[in-house]
Amino acid sequence: MIDWSGYIGLILQGALVTLQLTVLGSALAVVMAFTAGLARVSRSFAVRALATTYIEFFRGTSIFVQLFWVYFVLPFAGITLTPLQAGVLALGLNVGAYGAEVVRGAVKAIGREQREACIALNLTRYQSMRHIILPQALPLMLPTFCNNAIELLKGTAVVSLISLTDMTFQAQVVRAQTGNTLIPFTVILVLYFLMSWVISRSMRWLERRMTRGLDGVRG
Amino acid sequence: MEWDWNFVWQIMPTLLEGLKITLLATVLGAVVAAVVGLLFAILRLSAPKPIARVVGFLVEFIRGTPLLVQLYFIFYVLPDIGISLPALVAGVIGLGIHYGTYTAEVYRAGIENVPRGQWEAARATNLTLRQTWLHVILPQAIPPMIPALANYLIAMFKETPLLSAITVLELMNQAKSIANSNYRYIEPMTLVGVFFLIMSLISVVFLRWLEERYSRVEER
């Protein structure tokens, strides 16, 4: 009979790393999404081109390839990252590119009359974006952001392949040490599912909160 | 370390060999995803309630967990209960089932978007159930689905490098083994990135064309 308590502890340690990656990666992704998304609706052609290149590049190649590139190729350029840093960087940039399109779509979806009203009231571009457009665009973004956050959580499994000791990596360790495959993999599948469930629940809560003040503004 | 073109040409045949497997896995995975997705969609739409519930939960579960872990599950756990699959087959099944849960939603939305009046008109003109599906519902439901399905095809193509984790010798795995045996990472890893970028840029153009072609049908 195998003593599972130690192994469960190992998997929980991995779960902590997975959580850490998800939170840090999401933070970077949100920053990138707003930066690149707003840059795509900029007036300057150069800024738009730069943002489009970033988005197309990161959406066009897979997270796996980006991660390996960051971890194995960047050191030759003199930038050596720990696996955690590489993971957060690759995940954040990748999901940020998807998020940028969401930001752009939501900002574009705000009606013309709102923009015209801003001009009529003599608001600066910054003011109208900050006080008129974004507060209305944010609730439109949240459902897709929720999906993106879950994609990011699922993406964290890939970092186990660059020897970061996340949940998937620990499950492999447990498999190697006990020879049992069913239990570790089932446990982490359930844990991943619970995490994604928590993400979707809390995003739904956030969505309700954000739309609270907007009753009657949109049909 | 410098970029070395000689090394690039030297490793190109091996990488192209890997690309072939990548494409094969994508195509086979797409076929499985299309069939599995249809099955999920039909079960959720028309099976008795308890079964529809269970299928619904299963779909949510598969969508909420990483493909990599599912691949490990298929490749390492199933042999314990006597089902031993070659790596490529396990990979194709994993890809197919994972993306099947996404295509199921596309099918469901497509079928539910056909207006009720069409069903009622089919009944009023005394068409059988089979005729209703084949001649009324599906011809209207399928064209709007095509861009969405193509989108998932591209997404799946970009996920195929995960198959290298279960020892399928696709593009990524070939690049890794070249990198490990030559101690050169820059060229193989960058080339894999370039391959994927080129393929997905081509597919983006193709997708735009599909969207234009099939959204027009809807407006008619």
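Use the structure listed above.
This is a predicted model, so every value here is computed, not measured.

Peer 1: Just checking my understanding: could you explain the environment of A:I8 for this structure?
Peer 2: Within the secondary structure, A:I8 sits in helix α1 (residues 4-39). Expressed as a C-alpha distance, the spacing of A:I8 and A:T124, which sit 116 residues apart in the sequence, is 56 Å.

Peer 1: When you look at the nonpolar core in this model, what are you seeing that I'm missing?
Peer 2: If you look at the biggest cluster of nonpolar residues, it comprises 97 residues, and the most contacted ones within it are A:M141, A:F185, A:I188 and B:L15. In terms of residues, this core owes the most to one element, helix α6 (residues 125-155) of chain A, which gives 12 residues. Filtering out sequence-adjacent residues up to four positions away, A:F185 remains in contact with A:A171, A:Q172, A:R175, B:V69, B:Y72, B:F73, B:Y76 and B:V77. Core analysis: the second largest hydrophobic core is formed by 15 residues, B:F40, B:V55, B:A122 and B:M145 among them.

Peer 1: Can you help me understand the packing of α1(A) against helix α4 (residues 83-109) of chain A in this one?
Peer 2: Two numbers describe a pair of packed helices, the interaxial angle and the distance between the axes. Residue and element names in this part refer to chain A. Between α1 and α4, the least distance of the axes is 6 Å, while the angle of their chain directions is 40°. In this view, α1 runs oblique relative to α4, as classed from their interaxial angle. Once α1 is placed against α4, the crossing between them reads as right-handed. Across the contact of α1 with α4, the residue classes break down as 18 nonpolar, seven polar and one charged.

Peer 1: In this structure, what is going on with the packing of aromatic side chains? I would like to understand it.
Peer 2: In this description, a pair of aromatic rings is defined by centroid distance and the angle of the planes. Under the counting rule described, the total for this entry stands at 21 aromatic pairs over all chains. Residues A:F68 and A:F72 carry aromatic rings whose centres are separated by 5.3 Å and whose planes lie at 35° to one another, so their mutual orientation is tilted. In this pair, A:F68 and A:F72 both sit in helix α3 (residues 63-73), four residues apart, roughly one turn of the helix. Ring geometry for B:W5 against B:W9: centres 6.2 Å apart, planes inclined by 25°, an arrangement best described as stacked. Pair noted here: B:W5 and B:W9 are both in helix α1 (residues 5-46), with a separation of four residues, about one helical turn. With a relative accessible area of 53%, B:W5 lands in the exposed category. By the ring-pair criterion, three or more aromatic residues cluster together here, those being A:F64, A:F68, A:Y71, A:F72 and B:Y185. Taking NZ or CZ as reference, A:R175 lies 3.7 Å from the ring centre of B:Y76, over its face. Cation over ring: B:R63 sits above B:Y102, and NZ or CZ is 4.6 Å from the ring centre.

Peer 1: I tried to follow the interface of chain A and chain B on my own but got confused; where do I start?
Peer 2: How big an interface is tends to be stated in terms of accessible area lost as the parts join. Between chain A and chain B, the contact holds 34 residues from the first and 35 residues from the second. Taken together, the two surfaces of chain A and chain B that pack against each other cover about 3100 Å², and 75% of this comes from carbon and sulfur. The interface formed by chain A and chain B contains zero salt bridges. Scanning the region where chain A abuts chain B turns up 11 residue pairs in polar contact (both at pLDDT 80 or more). Those elements giving two or more residues to the side of chain A that touches chain B turn out to be α2 (45-60), α3, α6, α7 (167-178) and α8 (182-211) of chain A. For the side of chain A that touches chain B, the leading source of residues is α8(A), giving nine residues. For the side of chain A that touches chain B, the residue count by class is 20 nonpolar, nine polar and five charged.

Peer 1: Sorry if this is basic, but what is going on with the pattern of salt bridges here?
Peer 2: Oppositely charged side chains are able to pair whenever their charged atoms sit close together. Scanning the entire structure with this criterion turns up nine salt bridges over all chains. Between A:R112 and A:E116 there is a salt bridge, with the nearest N and O atoms lying 3.0 Å from each other. With a gap of four residues between them, A:R112 and A:E116 both fall in helix α5 (residues 112-120), about one helical turn apart. The class for A:R112 is exposed, based on a relative accessible area of 63%. Put simply, B:K20 and B:E17 hold a salt bridge, and the shortest N to O gap is 3.8 Å. Of this pair, B:K20 and B:E17 both sit in helix α1, three residues apart, which is roughly one turn of the helix. When its relative accessible area of 43% is taken as the criterion, B:E17 is described as partly exposed.

Peer 1: Which parts of the structure should I look at to understand the side chain of A:N94?
Peer 2: Residues and elements named next belong to chain A. Along the chain, N94 turns up in helix α4. A relative accessible area of 8% places N94 in the buried class. Among the polar contacts made by the side chain of N94, one reaches the main-chain carbonyl oxygen of F58 at a distance of 3.4 Å. Of the polar contacts made by the side chain of N94, one reaches the side chain of Q66; its length is 2.9 Å. In this structure N94 touches F58, T61, S62, I63 and Q66, once residues within four positions along its chain are discounted.

Peer 1: Just to check I follow, could you spell out unusual backbone geometry for this structure?
Peer 2: Among all residues except glycine, the phi angle is most often negative; among peptide bonds, the trans geometry is most common. Residue and element names in this part refer to chain B. Of note, the phi angle at N126 is positive, near 65°, even though the residue is not glycine. Position of N126 relative to the elements: it lies in the loop between α5 (116-124) and α6 (129-159). Phi is positive for Y183, which is not a glycine, with a value near 55°. Take Y183: it is sitting in the loop between α7 (171-182) and α8 (186-219). With a relative accessible area of 63%, Y183 lands in the exposed category.

The rules we used
Residues numbered from 1 in each chain as written. Chains lettered and ligands numbered in written order. Predicted model: local features only at pLDDT ≥ 70, side-chain atom pairs only at ≥ 80, totals over all residues. Heavy atoms only, no water. Helix = DSSP H or I, 4+ residues; strand = E, 2+ residues; numbered from the N terminus. Core = buried A, V, L, I, M, F, W, Y, C linked by side-chain atoms within 4.5 Å. Buried < 20%, exposed > 50% of the residue type's maximum accessible area, 1.4 Å probe, protein only. Contact = heavy atoms within 4.5 Å. Axes fitted to C-alpha atoms, helices over the stretch in contact; angles between N-to-C directions. Parallel < 35°, antiparallel > 145°, perpendicular 65-115°, else oblique. Left-handed = near helix turned anticlockwise from the far one by under 90°. Nonpolar A, V, L, I, M, F, W, Y, C, P; charged D, E, K, R; others polar. Phe/Tyr/Trp six-rings, centres within 6.5 Å; stacked < 30°, edge-to-face > 60°. Lys NZ or Arg CZ within 6 Å of the ring centre and 35° of its normal. Buried area = accessible area lost by both parts, 1.4 Å probe. Salt bridge = Lys/Arg side-chain N within 4 Å of Asp/Glu carboxyl O. Polar contact = N/O pair within 3.5 Å; in protein donor to acceptor, adjacent residues only side chain to side chain.

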